Amino acid sequence: MKIAVIGCTHAGTAAIVNTAKLYPDAQITVYERNDNISFLSCGIALYVGGVVKDPEGLFYSSPQQLADLGVATKMLHEVTSVDTKTKSLRVRNLETQEEFTDTYDKLIMTTGSWPIIPKLEGIELDNILLSKNYNHSNTIIEKAKNAERITVVGAGYIGIELVEAFRMNGKEVTLIDSMDRILNKYLDAEFTDRIENSLKQRGIQLALGQTVNRFEGKDGKVAKVITSQGEYETDLVILCIGFRPNTGLLKDQVDMLPNGAIIVNDYMQTSNPDIYAAGDSCAIHYNPTGKNAYIPLATNAVRMGTLIARNLMEPTIPYMGTQGTSGIKIYEHNIAGTGLTETAAKDEGMEVEAVMIEDSYRPEFMPTAEKVQLKVVYEHDSRRIVGAQLMSKAELTQSINTLSVCIQNRMTIDQLAFIDFFFQPHYNKPWNFLNTAGLQALPPVKSKEAVTL
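Residues numbered from 1 in each chain as written. Predicted model: local features only at pLDDT ≥ 70, side-chain atom pairs only at ≥ 80, totals over all residues. Heavy atoms only, no water.

Notes on the overall build of the chain
Let me state the cut-off plainly: Strands here mean DSSP runs of E at least two residues long; helices mean DSSP runs of H or I at least four residues long; both are numbered from the N terminus. For the radius of gyration, the atom set is restricted to C-alpha positions; the globular benchmark scales as 2.2 Å times the number of residues to the power 0.38. Three labels apply to residues, based on accessible area from a 1.4 Å probe with only protein chains included: buried if under 20% of the type maximum, exposed if over 50%, partly exposed otherwise in between. What makes two residues a contact is simply this: any of their non-hydrogen atoms within 4.5 Å. The Shrake-Rupley method, run with a 1.4 Å probe sphere, supplies the accessible areas, and residue values consider only the shown protein chains as cover. When charges are counted, neither His nor the chain ends are considered; positive counts come from Lys and Arg and negative counts from Asp and Glu. Throughout, a charge is located at the NZ atom of Lys, the CZ atom of Arg, the CG atom of Asp or the CD atom of Glu.
Counting its regular elements, the chain contains 11 helices and 25 strands. For 453 residues, the compact-globule formula gives about 22 Å, and the C-alpha radius of gyration of the chain, at 24 Å, lands near that figure. Along the three orthogonal principal directions, the C-alpha set of the chain runs to about 95 × 60 × 40 Å. Here the chain, with 453 residues, has 51% of them falling under the buried criterion. Partitioning the intrachain contacts of the chain with sequence separation of at least 6 by distance along the chain shows that 62% fall at a separation of at least 24. Within the structure as shown, the chain displays about 21300 Å² of accessible surface, and the carbon and sulfur contribution to it stands at 49%. A gap of 1 Å separates the mean positions of the 43 positive and 54 negative side-chain charges of the chain.

A short note on the environment of Leu-76
Within the secondary structure, Leu-76 sits in the loop between β3 (72-75) and β4 (77-83). Assessed through its relative accessible area of 24%, Leu-76 is described here as partly exposed. Between the C-alpha atoms of Leu-76 and Ile-357, which are 281 residues apart in sequence, the distance is 52 Å. Look past the residues within four positions of Leu-76 in its chain and what remains in contact with it is Glu-32, Arg-33, Asn-34, Asp-35, Arg-92, Asn-93, Leu-94 and Glu-95.

Some words on the sheet that holds strand β13 (residues 212-218)
Convention followed: We call two strands paired when DSSP finds no fewer than two bridges between them. To get an axis, a line is fitted to the C-alpha atoms, and for a helix only the part in contact is used. The angle between two axes follows their N-to-C directions and goes from 0 to 180 degrees.
With antiparallel pairing, three strands are arranged side by side in an open sheet as β13-β14-β15. Two strands lie at the open edges of the sheet, namely β13 and β15 (231-233), each paired on one side alone. Going across the sheet, the axis of each strand differs from the next one's by a mean of 25 degrees, ignoring polarity. Here β13 runs beside strand β14 (residues 221-227); their pairing, made up of six bridges, is antiparallel. When the sheet's bridge partners are listed, Gly-217 is paired in β14 with Val-222.

Concerning the UniProt feature "domain: Pyridine nucleotide-disulphide oxidoreductase dimerisation" (unreviewed entry) in the chain
Note the cut-off: UniProt positions are given in the numbering used here, feature names are shortened, and annotations may be inferred rather than shown by experiment.
In the numbering adopted here, UniProt assigns the feature "domain: Pyridine nucleotide-disulphide oxidoreductase dimerisation" (unreviewed entry) to residues 331-428. Helix makes up 20% of residues 331-428 and strand 34%, with an end-to-end C-alpha separation of 23 Å.

Quick word on the pattern of salt bridges
Condition: A side-chain nitrogen of Lys or Arg and a carboxyl oxygen of Asp or Glu constitute a salt bridge if their distance falls within 4 Å.
For the structure on display, the rule yields 25 salt bridges. In this structure, the salt-bridge partner of Glu-99 is Arg-92, at a minimum N-O distance of 3.2 Å. Of the residues examined, Glu-99 reaches a relative accessible area of 36% and is grouped as partly exposed. When its relative accessible area of 24% is taken as the criterion, Arg-92 is described as partly exposed. Measuring nitrogen to oxygen at the nearest pair gives 2.9 Å for the salt bridge that ties Arg-149 to Glu-233. Note that Arg-149 is positioned in strand β10 (residues 149-153) and Glu-233 in strand β15, a separation of 84 residues in sequence. Note on Arg-149: relative accessible area 27%, which makes it partly exposed. Counted as one network, the salt bridges with shared partners bring together Arg-33, Glu-78, Arg-90, Arg-92 and Glu-99.

With respect to the nonpolar core
Rules: Within this scheme, the nonpolar core is defined by two criteria: the residues are buried Ala, Val, Leu, Ile, Met, Phe, Trp, Tyr or Cys, and they are joined through side-chain atoms within 4.5 Å.
Formed by 52 residues in total, the largest nonpolar core has its most connected members in Val-82, Leu-89 and Leu-107. Every residue in contact with Leu-107, bar those within four places of it in the chain, is listed here: Ala-4, Ile-6, Val-82, Leu-89, Asp-274, Ile-275 and Tyr-276. The next biggest cluster of nonpolar side chains, apart from the first, holds 31 residues, and it includes Ile-140, Val-152, Ile-160 and Ile-328.

Focus on the sheet that holds strand β6 (residues 99-103)
Ordered in space as β4-β5-β6, the three strands form an open sheet in which the pairing is antiparallel. Across the chains shown, the open sheet's two edge strands, defined by having one partner strand only, are β4 and β6. The average angle at which neighbouring strand axes cross in this sheet is 30 degrees, direction not considered. Across six bridges, the pairing between β4 and strand β5 (residues 88-93) is antiparallel.

Comments concerning the side chain of Ser-113
Heads up, the condition is: Any pair of nitrogen or oxygen atoms within 3.5 Å is treated as a polar contact; in protein, a donor-acceptor pairing is required on top of that, and neighbouring residues in sequence qualify only through side-chain atoms on both sides.
With respect to the helices and strands, Ser-113 occurs in strand β8 (residues 113-115). Within polar-contact distance, the side chain of Ser-113 engages the side chain of Asp-280 at 3.2 Å. In contact with Ser-113, other than residues within four places in its own chain, are Lys-132, Phe-243, Arg-244, Pro-245, Asn-246, Asp-280 and Tyr-294.

A short note on the packing of aromatic side chains
The geometry of an aromatic ring pair is captured by the separation of the ring centres together with the interplanar angle, meaning the angle of the planes. Cut-off, in case you're wondering: Aromatic rings from Phe, Tyr and Trp, taking only the six-membered ring of Trp, are treated as a pair when their centres fall within 6.5 Å; an angle between ring planes under 30 degrees marks them as stacked, one over 60 as edge-to-face, and anything in between as tilted. The rule is short: NZ of Lys or CZ of Arg within 6 Å of the ring centre and within 35 degrees of the ring normal puts a charge over the ring.
Applying the stated criterion across every chain yields a total of four aromatic pairs. An angle of 50 degrees between the planes, with centres 6.4 Å apart, marks the rings of Tyr-31 and Phe-100 as tilted. Of this pair, Tyr-31 sits in strand β2 (residues 27-32) while Phe-100 sits in strand β6; the two residues are 69 residues apart in sequence, bridging distant segments of the chain. Residue classification places Tyr-31 among the buried residues on the basis of a relative accessible area of 4%. A relative accessible area of 23% places Phe-100 in the partly exposed class. Between Phe-422 and Tyr-427, the ring centres sit 6.0 Å apart and the planes meet at 70 degrees, which makes this aromatic pair edge-to-face. Considered together, Phe-422 and Tyr-427 belong to a single accessibility category, that of exposed residues. Positioned above the aromatic ring of Phe-243 is the side chain of Lys-132, whose terminal nitrogen or guanidinium carbon lies 4.7 Å from the ring centre. Seen from the ring of Tyr-331, Arg-202 lies directly overhead, with NZ or CZ sitting 4.1 Å from the centre.

Structure below.
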């Protein structure tokens with residue numbers, strides 16, 4: 001059996017390693033157009049900020065490790081076309097420019113995503129950079145050495161982590177986003193207001209609710225960012241606007257969402273039964289809404305890649321969907337979220353309510369008892385939990401995983417009130433703060449009419 005794999009980052013590595021172990025007699029060939037594989041892009045800001053000293057730790061596999069499993073890894077090889085009718089690939093060796101054709105019995109598409117690059121005047125100027133892969137991270141570090149003023153466009157996770165890293169390195173930092181709040185896809189205003197204040201207190205300039213119109217340069221290098229509300233002098237610009245699925249090879253050959261994300265079934269099969277897909281190139285079943293959604297996360301990618309191997313020969317283990325659970329640390333704040341924010345739920349047309357608590361996470365008689373801020377979003381009629389957000393100076397983010405399981409299992413806010421959690425003063429209170437949120441959301445008891453004896 002010939003298995004061809006296109007792309008080798010999170011999903012690709014998981015699919016390849018598990019497929020090689022499960023089917024040792026299979027002929028597996030991997031095509032990767034970069035000169036490295038399995039780079040943890042979520043570590044870029046840590047690398048840029050100097051927290052991670054040795055970037056080798058950001059790679060969790062290598063061509064040699066795959067070769068030891070009997071996998072032929074073709075680095076710097078770009079697949080230029082896929083013909084699903086003949087089950088063939090056209091490949092270009094990027095070092096020699098030689099082109100050749102290969103065939104497959106099963107094709108695994110793990111081509112990932114690529115940063116959105118806006119078509120703006122001046123976008124071709126030097127020192128306007130992307131933040132996606134290992135080469136990007138090295139370029140950012142090198143260019144930042146001689147940059148005093150750095151502008152980050154895009155206030156998602158990557159953008160926020162980068163502005164923090166640059167500011168810690170003593171740079172003048174401006175953060176621009178077209179939305180009026182940072183992290184608006186992940187958190188409601190009760191949380192982002194606090195984070196924005198924290199960024200401002202540390203000297204980071206926030207230019208929110210502003211759209212970038214063009215870039216101006218000097219001597220071929222970017223010197224100014226022009227937005228809908230002002231202009232910002234800069235030495236370096238990092239674009240963190242978002243990502244698009246990299247799926248052009250299969251356009252009009254398998255079913256996709258309008259944005260190009262490949263639609264897969266519960267067993268990671270595309271609409272072509274001999275083609276499997278996973279990771280940032282795919283749509284995924286989003287449990288809070290029950291719809292297909294594009295949620296590019298490493299956690300989704302490795303699960304999907306592993307399931308490809310398990311389901312390659314026959315449907316075996318279905319994917320359970322995702323809640324889009326994620327976390328981030330911004331200065332002293334430990335933050336995590338899962339499912340829908342209240343804003344996103346209402347944008348979906350859902351009738352929801354939310355409960356917000358702020359309480360000490362453990363008894364006040366302990367030497368320290370940091371506050372935890374927790375918000376849980378639930379449907380009005382069914383009372384099914386559809387989302388949650390948490391923030392604290394104490395490291396309590398693992399609690400969001402519990403709420404992720406609650407959403408996946410379609411539990412209600414009332415059930416959350418009485419879930420069995422342990423108590424120990426070092427860690428929590430007799431009523432865990434998750435219970436407390438559920439208790440606070442309980443509806444009043446309907447009393448019976450008084451009976452006169």
